[in-house]
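Structural overview for review
Chain residues, written in single-letter form:
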Amino acid sequence: MEFYENRSRAPFKGFVLIWQAWKHWRARRKTQRVLSHLSDEQLKDIGLSRSDVADPLDKTWPR
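Rules used throughout
- Residues numbered from 1 in each chain as written.
- Predicted model: local features only at pLDDT ≥ 70, side-chain atom pairs only at ≥ 80, totals over all residues.
- Heavy atoms only, no water.
- Helix = DSSP H or I, 4+ residues; strand = E, 2+ residues; numbered from the N terminus.
- Areas by Shrake-Rupley, 256 points an atom, 1.4 Å probe, with all protein chains shown as cover.
- pLDDT = per-residue confidence, 0-100.
- Polar contact = N/O pair within 3.5 Å; in protein donor to acceptor, adjacent residues only side chain to side chain.

**Quick notes on the overall build of the protein**
Within the protein, the regular secondary structure consists of 5 helices and 0 strands. Reading the secondary structure of the protein in the N-to-C direction produces α-α-α-α-α. Accessible surface, the protein: about 6200 Å² in total, of which carbon and sulfur atoms supply 59%.

**Examining the confidence of the model for the protein**
Across the protein, the average pLDDT comes to 80, with 71% of residues at or above 70. By mean pLDDT, helix H5 (residues 56-60) is the weakest element of the protein at 58, and helix H3 (residues 40-45) is the strongest at 93.

**Here's the deal with the environment of Gln-32**
Topologically, Gln-32 is positioned in helix H2 (residues 13-36). With 22 residues separating them in the primary sequence, Gln-32 and Ala-54 have C-alpha atoms 7.5 Å apart. A polar atom in the side chain of Gln-32 sits 3.4 Å from the backbone oxygen of Val-53.

Rendered as structure tokens:
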């Protein structure tokens, strides 16, 4: 068996997936933080309510 036959095709794929998930999580948290500082009138202007801005993890993550 040659070296290239035993080599993984994507050795860093797991790290890439973790990195992408972390970037996605950070973007969501940043958006949630910015929206939480808006007033109710500003949220209404963009078609959202205060409950739409609530932390999504509060609804799905057991505490």
